[in-house]
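Here is how the chains run, residue by residue.
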Amino acid sequence: EIGAIADKSQIRAYLIGGIIRDLLLGKGNNDIDIVVDGNPVELIKQLSDFFSAKVLYNEQFKTGSIKFADGLNIDLAGTRRENYHYPGALPEVTETNIFEDLFRRDYTINALAVALNSDKWGRMIDYFGGQKDLAEKKLRALHRFSFLDDPTRVIRGIRLASRLKFDFEKETEDLAREAVLAGDFSRLTSERIIKELELLFAEKINRRLLGLIKNIPVFKLLGIELAEGVDYWQQSTRLESWLEYLKEKNYNIEEWVLRLALFTDKLKKKDIVDWNLKERYKDILSFYLTARDLIETLDNDLDDLRLVDMLNEYKLEELVILLVKSGKVMVEKNIRRYINELKGIELAISGFDLKELGLNPGPVYKDIFDRVYRARLKGEVSTHQ
Ligand code: ATP
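Residues numbered from 1 in each chain as written. Predicted model: local features only at pLDDT ≥ 70, side-chain atom pairs only at ≥ 80, totals over all residues. Heavy atoms only, no water.

**Q** Could you give an account of the pattern of salt bridges, naming the residues involved and the relevant values?
**A** Tallied over the entire structure, the rule returns 31 salt bridges. In this structure, Arg208 engages Asp167 in a salt bridge whose closest nitrogen and oxygen atoms are separated by 2.9 Å. Remark: Asp167 occurs in strand β9 (residues 167–168) and Arg208 occurs in helix α10 (residues 207–215); sequence separation between them is 41 residues. Residue classification places Arg208 among the partly exposed positions, given a relative accessible area of 29%. Among the residues examined, Asp167 registers a relative accessible area of 42% and is labelled partly exposed. Overlapping salt bridges, with partners in common, bring together Lys170, Glu173, Asp174 and Arg177 in one network. (Salt bridge = Lys/Arg side-chain N within 4 Å of Asp/Glu carboxyl O. Helix = DSSP H or I, 4+ residues; strand = E, 2+ residues; numbered from the N terminus. Buried < 20%, exposed > 50% of the residue type's maximum accessible area, 1.4 Å probe, protein only.)

Dropping the structure here:
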């Protein structure tokens, strides 16, 4: 359909990028990327009429996206026409444009396109051997300077390799390592790096990923170095099973931050302060660096009251980091008890009740809640009265 609509508007349209990769691998993908030769506005308009769907249009970048209720998302963009501005849109010119567009992509397996117009419908465009690399499960950069142009591609590569179970082609891996070690990335903002890390760590950590980050020290982009002697595989396995458990219990937990937090043990708190990140995330990422005293105290037999007093102020994510990284049985036992038995305790009185009793809101409320809470912990009152 899209091809027919493009025909009618006399524009060349291509399916491009990750969707082709996933189709060839037999995997599903809800994100459909289409590039059109020239200005995509007309096609975007026609498609939104055709599908009667809502379109988000970005005037500045001349891109549009159509979102469907079932999660399907179509993104449309123009090829970079400005370098190749030949009026008339002859097929050769189109191919040159699509070449330019593909050439600025990250890996050969992502630089495949399929023509949608009826005269060439279904024709695969593969300038860089992407199909062969897909068959051989290899990630190959398009040129020597790819990672210097954009080092976040290294993180994207690790994500792809780990998700698809692919290997980096030897020279590409060397280039990635060299770029990360040698590059001057002062132009790169922490925000961009963290955005890629967020995507990387949205998925479970596996052995391949750990191997890759050892060979290609990609965290260096944020100044992170892996600590010697830490068994990251053991820690990540523990973390994954905790995440699983807490998800079952319906806790809402920011998984990617916790996965990243596994690797921040050699940083200093001030390193993290400069990152362009929500304060909440900074707290979580730097928490373990300053938790030594807490761990020491938690390594003792503690009664309920003491435990609640100590742990109430911490975020669940911070407690999970302690569980996974401290490596101490007693600490783990205490936190487990706190999470399972003490954390969720609700009181049978609320601020509303106190108001009903004629008390004015103020610090006295907190005092009363504290006392009831303590009485509840000691078993003097029950939750449901
Ligand atoms: P996913 O399945 O995770 O969405 P994807 O490959 O579709 O994977 P997107 O982030 O949607 O990922 O990117 C779409 C396409 O844009 C990629 O297939 C790739 O060709 C290109 N691309 C994205 N980021 C970069 C980059 N930093 N450098 C070069 N090309 C990129």
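**Q** Which residues make up helix α16 (residues 304–311), and what are the values?
**A** The complete set of buried residues in α16 reads Leu307, Val308, Met310 and Leu311. With its buried residues spanning 165° around the axis, α16 presents them on a single face. (Arc of directions from axis to C-beta.)

**Q** Please give an account of the sheet that holds strand β5 (residues 73–78) that cites residues and values.
**A** What the seven strands build is an open sheet, ordered β3-β4-β5-β2-β1-β6-β7; its pairing is mixed. A strand with exactly one partner marks an edge of an open sheet, and here the two such strands are β3 (54–58) and β7 (124–125). Bridge analysis of strand β2 (residues 31–36) against β5 gives six bridges, and the strand direction is parallel. Along β5, the bridge assignment pairs Asp33 with Asp75. (Pairing = 2+ DSSP bridges.)

**Q** Tell me about the nonpolar core, and please be specific about residues and values.
**A** One finds Ile34, Phe201, Phe263 and Leu298 to be the most contacted residues of the largest nonpolar core, which totals 100 residues. If one sorts the elements of this core by residue count, helix α17 (residues 316–325) sits on top with seven residues. Residue contacts for Leu298: discarding those within four places in its chain leaves Leu307, Met310, Leu311, Leu322, Met330, Val331, Asn334 and Ile335. The next biggest cluster of nonpolar side chains, apart from the first, holds 11 residues, and it includes Tyr14, Ile98, Leu102 and Phe128. (Core = buried A, V, L, I, M, F, W, Y, C linked by side-chain atoms within 4.5 Å. Contact = heavy atoms within 4.5 Å.)

**Q** Explain the pairing of β2 residue by residue, including any values.
**A** Relative to β2, strand β1 (residues 13–16) runs antiparallel, the two being bridged by four bridges. By the bridge assignment for β2, Ala13 is matched with Val36.

**Q** I'd love a proper account of the confidence of the model for the protein, names of residues and values included.
**A** In the predicted model, the protein carries a mean pLDDT of 86, and 87% of its residues have values of at least 70. This model gives residues 81–93 a pLDDT under 50, and the stretch forms 14 contacts once residues within four places in sequence are excluded. Quick note on the complex model: pTM equals 0.84, ipTM equals 0.96. (pLDDT = per-residue confidence, 0-100.)

**Q** Tell me about the packing of helix α11 (residues 232–248) against helix α18 (residues 329–342), residues and numbers included.
**A** Axis separation between α11 and α18 bottoms out at 13 Å; the angle between their running directions is 15°. Taken together, α11 and α18 sit at an angle that is classed as roughly parallel. Viewed along their axes, α11 and α18 form a crossing whose handedness is right-handed. Mapping the contact onto sequence places Arg238, Trp242, Tyr245 and Leu246 in α11 and Glu332, Arg336, Ile339 and Asn340 in α18. Along the lines of polarity and charge, the residues of the contact of α11 with α18 split into four nonpolar, one polar and three charged. (Axes fitted to C-alpha atoms, helices over the stretch in contact; angles between N-to-C directions. Parallel < 35°, antiparallel > 145°, perpendicular 65-115°, else oblique. Left-handed = near helix turned anticlockwise from the far one by under 90°. Nonpolar A, V, L, I, M, F, W, Y, C, P; charged D, E, K, R; others polar.)

**Q** Provide a residue-level description of the site of the ligand, including the pertinent values.
**A** Around the ligand, a shell composed of 15 residues is seen, among which Arg21, Asp150, Arg153, Arg159 and Arg163 lie nearest. Within the side chain of Asp150, a nitrogen or oxygen atom sits 2.8 Å from a nitrogen atom of the ligand. Within the contact set of the ligand, an oxygen atom lies 2.9 Å away from a side-chain nitrogen or oxygen of Arg163. For the ligand, whose unbound accessible area comes to 590 Å², protein coverage reaches 75%. (Near = heavy atom within 4 Å. Polar contact = N/O pair within 3.5 Å; in protein donor to acceptor, adjacent residues only side chain to side chain. Areas by Shrake-Rupley, 256 points an atom, 1.4 Å probe, with all protein chains shown as cover.)

**Q** I'd like a rundown of α10, residues and numbers included.
**A** Those residues of α10 lying buried are Leu209, Leu210, Leu212 and Ile213. Down the axis, α10 shows its buried residues gathered within 160° of arc, on one side only. Structural note: α10 exposes Arg207 and Lys214 on the side pointing more than 90 degrees away from its buried face. Where α10 is buried, its residues touch α7 (152–164), β9, α9 (190–200) and α11.

**Q** I'd like a rundown of the packing of aromatic side chains, residues and numbers included.
**A** Both the distance between ring centres and the angle between the ring planes are used here to describe each pair of aromatic rings. Here the structure, examined in full by the defined rule, presents 14 aromatic pairs. On the basis of an interplanar angle of 65° and a centroid distance of 6.1 Å, the ring pair of Tyr127 and Phe128 is categorised as edge-to-face. Each ring, one from Tyr232 and one from Phe263, has its centre 5.0 Å from the other, and the planes form 35°; the classification is tilted. Residue Tyr232 is found in helix α11, and its partner Phe263 is found in the loop between α12 (255–261) and α13 (269–273); the two are separated by 31 residues along the sequence. On the basis of relative accessibility, which here comes to 8%, the residue Tyr232 falls in the buried class. A relative accessible area of 0% places Phe263 in the buried class. Cluster of aromatic residues (ring-pair linked, three or more members): Phe99, Phe103, Tyr127 and Phe128. Against the face of Tyr288 rests Lys325, its NZ or CZ located 5.8 Å from the ring centre. (Phe/Tyr/Trp six-rings, centres within 6.5 Å; stacked < 30°, edge-to-face > 60°. Lys NZ or Arg CZ within 6 Å of the ring centre and 35° of its normal.)

**Q** So, the side chain of Ser48: which residues are in play, and what are the values?
**A** Position of Ser48 relative to the elements: it lies in helix α3 (residues 41–51). Residue classification places Ser48 among the buried residues on the basis of a relative accessible area of 15%. A polar side-chain atom of Ser48 sits 3.1 Å from the main-chain carbonyl oxygen of Lys45. The residues touching Ser48, leaving out its near neighbours within four places in the chain, are Ala53, Val55 and Ile66.

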